[in-house]
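Residues per chain, in single letters:
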Amino acid sequence: VRNQLNPHFMFNALTGIQNLMNKNKIDKANEYLSSFSRITRNILDGSKSTLISISEEKNLLDDYLKMEQLRFNFHYSIIIDKNIDAGNVEIPAMLLQPLMENAVKHGISNLNDKGNIEIHFLSKEKNLLLEIVDNGEGFDTTISYEGYGLQLTKKRISLLNTIYTHTKIDLNITSNNNGTTIQIVLNNWLEQ
């Protein structure tokens, strides 16, 4: 599943670079390409391990969102609960990135500077809550869409639940015309 996520990300990133070049925004395309290169290097470096620290995940998400800001001019924030040791608490690598791509591409891409995404890493007793909130138009969560990001994430969580049997991972999505909230709950993750 992770092998499918990387080409999905790369296809979308290269499409973004092409889009900027077609609009003759060469400087922004070069910035985008630099960020894309750094993210790709981090993905390659991290591909050897299944877990990544929250600090490393934050840096990857930050790079990705800065890259997408060049195309869509939205606002974002990444907030880590002060009770979480971000350098030592690890999560499955590339767990949030496809969901983040969906929030940008399908959520706020048409809102420009009115678009907003918030990412939260929260401690709820022994559970770790990862949350992505966008103020886009939302979507019908009862319909199965053809995109890969959400399908691959659901499949990946299902596989992770066969590995981490004592720390079940739940995915919850709520969406309406005021935005979408995606929550991944890593149950009992903080007691490890």
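Look up a bit, the structure's there.
Residues numbered from 1 in each chain as written. Predicted model: local features only at pLDDT ≥ 70, side-chain atom pairs only at ≥ 80, totals over all residues. Heavy atoms only, no water.

A. Region of the structure containing unusual backbone geometry. Here the phi dihedral of E125 falls at roughly 60°; this positive angle occurs in a residue that is not glycine. Within the element layout of this structure, E125 appears in the loop between strand 4 (116–124) and strand 5 (127–134). Even without a glycine there, the phi angle at N188 is positive, about 60°. Looking at where N188 falls in the secondary structure, it is placed in the segment after strand 7 (179–186). (Helix = DSSP H or I, 4+ residues; strand = E, 2+ residues; numbered from the N terminus.)

B. Molecular detail of the pairing of strand 6 (residues 169–176). Examined bridge by bridge, strand 6 and strand 7 share eight bridges and lie antiparallel to one another. The partner of L171 across the bridge, within strand 7, is I184. Counted between consecutive antiparallel strands, the loop separating strand 6 from strand 7 contains two residues. (Pairing = 2+ DSSP bridges.)

C. The packing of aromatic side chains, seen in detail. Under the defined criterion, the tally for this structure stands at two aromatic pairs. Ring geometry for F74 versus Y76: centroids 6.4 Å apart, planes at 55°, classification tilted. Both rings, one in Y164 and one in W189, keep their centres 5.2 Å apart while their planes meet at 70°; by these two values the pair is edge-to-face. Of the two residues, Y164 is situated in the loop between helix 5 (148–163) and strand 6 and W189 in the segment after strand 7; the sequence distance between them amounts to 25 residues. (Phe/Tyr/Trp six-rings, centres within 6.5 Å; stacked < 30°, edge-to-face > 60°.)

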